[in-house]
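# Structural characterization, general
Spelled out from the first residue to the last, the chains are:
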Amino acid sequence: MAAAALETATKELQQQIGLTTDGNQFLTFNLGEELYGVDILRVQEIKGYTAVTKIPNTPSHIKGVLNLRGTIVPIIELRTKFSMPTIDYTAFTVIIVVVVRDKVMGLVVDAVSDVLNIDKKDIQPPPQFGAKVDVSFLNGIGKSNDKLVALLDIDRLLLDDEMQNDAKAA
Amino acid sequence: MSDEFAQFQEAFFEEAAEHLAIVEEGLLALEQQPKDLELLAKIFRSAHSIKGASGMFGFNAVTQFTHKMETLLDLLRNGEKAVSPPIADLLLKSTDCLKTLIEAVKSGVAVDDEVVQRLAAELASASGAQAPVVPQKQAVAAPTQSEHQARRYLIKWTPPEWLFQRGLDPLQVIKELNGLGELSSVTLDMSRVPDLAEIDPEKCYLSWELQLLTGKDLKTIEAAFEFVREDSKLVIEEREALSVKRETSESGHDTRFTNDDQRAEDGAPKPLGAILVESGVVSPAVLEQALSQQKRVGEILVEQKVVTPQQVEQALQKQKQQESATQTKKTDTASIRVDTAKIDKLINLVGELVITQSMLSDLGARFEIKQLPVLLERVAQLERNTREIQERVMGIRMLPIGTAFSRFPRLVRDLSTKAGKKIQLVLSGEETELDKTVIESIGDPLTHLVRNSADHGLEPPEERLDNNKSEVGTIRLNAFHEGGNICITVEDDGRGLNRDKIVAKAVKQGLIGENDKLSDDQIWPLIFRPGFSTAEKVTDVSGRGVGMDVVKRNIEALGGTVSIKTVTGKGTTFTLKLPLTLAIIEGMTVRVGKETYIVPLLSILESIQPKDGTIKTVVGKGELINVRGTYLPMIRMYDVFVLEPEYTNPMKAILLILETEGERVAVMVDEILGQQQVVIKSMEQNFRKVEGIAGATILGDGTVGFILDVRGLLEIARHGTPIAA
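Structural notes, computed from the coordinates. As the structure is a computational prediction, the values presented were derived from the model and not from experiment.

Rules used throughout
Residues numbered from 1 in each chain as written. Chains lettered and ligands numbered in written order. Predicted model: local features only at pLDDT ≥ 70, side-chain atom pairs only at ≥ 80, totals over all residues. Helix = DSSP H or I, 4+ residues; strand = E, 2+ residues; numbered from the N terminus. Buried ≥ 20, exposed ≤ 12 C-beta atoms within 10 Å, placed from the backbone. Contact = placed C-beta atoms within 7 Å. Nonpolar A, V, L, I, M, F, W, Y, C, P; charged D, E, K, R; others polar. Axes fitted to C-alpha atoms, helices over the stretch in contact; angles between N-to-C directions. Parallel < 35°, antiparallel > 145°, perpendicular 65-115°, else oblique. Left-handed = near helix turned anticlockwise from the far one by under 90°.

Another point: the overall build of chain A. Tallying secondary structure elements over chain A gives three helices and 11 strands in all. Shown N-terminal to C-terminal, the secondary structure of chain A runs as helices and strands in the order α-β-β-β-β-β-α-β-β-β-β-β-β-α. Counting over 170 residues, chain A shows a buried share of 26%.

Quick look at the interface of chain A and chain B now. At the interface, 25 residues of chain A touch 23 residues of chain B. Those elements that provide at least two residues to the side of chain A that touches chain B are strand S4 (62-68), strand S5 (71-77), strand S7 (103-109) and helix H3 (154-169) of chain A. With five residues, the top contributor of residues to the side of chain A that touches chain B is H3(A). Its residues assigned to classes, the side of chain A that touches chain B comprises 12 nonpolar, eight polar and five charged.

A word on unusual backbone geometry. All names here are of chain A. Phi at Asp102 is positive, roughly 70°, even though this residue is not glycine. Turning to its location among the elements, Asp102 is positioned in the loop between strand S6 (94-100) and S7. Accessibility expressed as a C-beta count within 10 Å gives 7 for Asp102, which makes it exposed. Residue Asn145 is not a glycine yet carries a positive backbone phi of 55°. Position of Asn145 relative to the elements: it lies in the loop between strand S10 (138-144) and strand S11 (147-152). For Asn145, a count of 6 C-beta atoms within 10 Å gives the class exposed.

Residues and elements named next belong to chain B. Where helix H14 (residues 340-365) meets helix H15 (residues 372-397), the axes come as close as 9 Å, and the angle between the chain directions of the two elements is 155°. The orientation of H14 relative to H15 falls into the category roughly antiparallel. Crossing of H14 over H15 shows left-handed handedness. Of the residues in H15, those touching H14 at Lys342, Lys345, Leu346, Leu349, Val350, Glu352, Leu353, Thr356, Met359, Leu360 and Leu363 are Val374, Leu375, Arg378, Gln381, Leu382, Asn385, Glu388, Ile389, Arg392, Gly395 and Ile396. Here the residues of the contact of H14 with H15 sort into 12 nonpolar, four polar and six charged.

As C-alpha cells, then:
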C-alpha cells in the first residue's frame, strides 16, 4: 500500500518538474543524418567503443563480443543491421548497452544525441513502405520540435534476430 | 514455525539422509559379510542417531519405527540373532520405509500406512521370534532391552493426602522422573478436588497420569517415589505395545501420521480405540481384531459396486504420482555440506590474500621504480593466492561421483532378485570429481540406464549358459575425465541391441521407411525416441518405452551427449559425456591471425611443426598429415572460422594434435602463446550457442577469448559452416 502511494507521489512530482517515466522518455542517437530513439528504461549504460572479439561464422551485423565487467555481451552493429553503409569509428562512436528480456546486448551507433520527452500524442504509427523498406522493428515515429525520431522496438529488433539464429543453430 | 526451528529441522533431514545412506550401504555390505560386527555397530549407531534426533523434533512415527529397527539391529549386534538374507531384506525394506516416513514429515504428505504397519509388525516379530528374555505382556514389545534403550511407561500416581503435611512436594517427584528420561505427557487429574469451602489446604487431592520415555528399568522409576511410596496409589506399566496398537487404530481412521502425544497435549481427542484400551474396557488384542475388520474406503466402495476395482487402482496410482511429485519438489532445496577443514584452509588463504593486498597498497602508496622487483614478487604472490583460493572455492562444489553411484548396489541387488538374474555390479572411477549440480542431475538418467541393462540387456542365467557366457551378468559403471569432459559409461555384457527388432519397430511406428538403408549409427539412436520399446513384455522395471528419451533429454539439458556402442551377443555400452560447465579449465592459448583462442589442454595430445613432404592431399582438397606413420586429417582453423591467418603454409605454422571422442585430428594455428587457467563464461547468457565454440573467457588484457569446442570444429570442417558469414 505504502509503496503504491509512494509511486503515485513520485509520479506526480515527476510530472510537475516535467519528468515523466511513462515510457515516453527516449534516448536518441544518430546513424548518419537519421535520429533514432530507444525507451530509456531499456538502456543499461552507454560506453565508448572498444575493440570487440569477432565471433566466427555469425552474420556480419554481429560485430563480436565484449567483456562488460565479467559478462560476455554481444555487440550489434546497427548500421550493418539496417543495411546502411559502414563508416569509420570516431571518438563519438558509442555502444549503447540495452537489456532485452534478461539478455544484455550492445548497439554500436554513430553518436548519442539527447534524452527526449515525447508525448504520446506526438507519436504516430510506423509508416508503411511495403516490401521495399522493412520497418517492422519500429514502434512509431516521434516528433520533437521539428526533429523526427524513429522509435525502435528493440525486443523485435534484437530478439527476432536471435530467434532466427537459434532456430538455425538448433 | 520460526526460521530457526525450520533451520534445525533442515539440518535433521540432511543428517537423517546421510545416516540412511550409511544404514543402507552398511546393510548391503552386511549381506556379503554377515559376521562383521563393526559394520553392525556402524549401522546401529546411524539408526540410533536418527531415532534420537527424530524424537527431539517430535517426529514420533519416525522415532517409533526406527526404534523397532534398532531393536532388531541390537539383537544382531549382540549376536543373539544371526544375519540371514530374510532379515537383511527386511531391514533394507525398513530402511526404505523409514526414508518414506522421513520424507513424509518433511513434505507433509501422507504415507502408505499399511506398509509401515506391516513392516513394523515384521520387524517386531523378527526381533520377538527368538526372544530369550522375560516374556512380555505384549508380544510386540522389544524383548531384549539393554539399559540404554528407551521404553515407554505409563505411570498413574495418586499421592497420599498427607503429602503436604510432611513437607513433600509432588513436583519434585515429577522433576526427578523427568531426569530419568523424557516425560512425554503429564496429565493432572483434579477430579477429587472438593468445593472451595471444603478444601483442606494441607491435604493433597491431586493425582497424575504420566508418560515416561526412559532407558531406565522399573526399579529406578519406582525409586523416584521412594519418599512418597507409603500410602500412594502407584501403577507403573510398560506401554510400548499399547502405543503400537494406538497407531493402528489411528491409521484406520485417516492415513496421516499424527503425533499422538501432541494430540494429548493439544487436548485433541485420542482415537476411540486408544481410549478404550487405556481405560481397560477392551484389550489391545480385541481392538486389533476389530480394526483388522475395518476396511479402506476403496474396498468399501468396490463392495458396494459404486466403483470398479480398476477405477480405485487408477485413483491410487494418481495419488502416488502426486505424492512423488510433491516429494521431488520438496527435495530440491540446495545445500552442500563442506568439510570444516576445507573452510578453515580457505579462511587462512583469504587471510593471506588480505595481507598480500595490504602489502601491495602499502608499496603503491610510495612507489619508486627501484622497487620494481619487490612489486613483481608481490604480484606473483597475489597470483599464487588467487589461484589457490580459486581452486579451493571450486573444490567446494566438486564432489566425487561415488555419491551418485552409491545408490546402484542396492538397485542392482533388487533388480536381480526381481528379474531372477544373477548380476554383478562393478564400479570404477568413483573418485572422479564433478560439480554437485551435475551429480544431482545425472542420478535419474543413470538409474534408467542401469535398469535397462539389468532388464533388457542381460539375459536370464539359462540363456547365458547356453551362449557360453558366465551365469553371472556384469554391469560396469565407470567415470573418467576425457578432454575437458566427464564420461560416464554404463556397460553390460548382455545380448546387445537387436538391430532387426529396432528396425521392425521403427518401421511399424513410421519412423523410418521399410526400404531405408541405415547404418548402425543411425539405427541405435532410434531407441531414444519417446515411446520406443522393443521389449516383448512390459515389466514393472522397464519396457514401457519411457526412459530412454528421458535419459537423452536430461543429458542434453546438461549440455552433454549420449552414445551407444553395441555388439550383438556381447553387450551394450552407453556413454554419457558431460561438459564441465561452471568449471575452470586448463587451456592452451593459441593465436590465429589477430584472434586468440583457448584450446582445452585435456584435448591436446601434442603439437608439432610439420616437415616438408608430410602433408598429402586426397581428391585434391582433403589434407592429411603423417604423424609418425599415421595419417591424420588436417583442419586449417582459419578456414573453419573465416579468419585472416599469418601463415597459410603449414610448414611455418603449428599443428595441434587434438583428440575428441577417440578421434584424432591436426588443427593448424599460427602460434602457441602459452598455457593458463581460464574461467568459462557462458555465451548463451546474452547470446546463443556458437558452433565450434565451447564458451568464452576473459583474457589477461580484458578482451574476450573463445574456448574451442574441438568436436564442433570438426563438425563444421566436415559439414560446412552452419550460418553463412
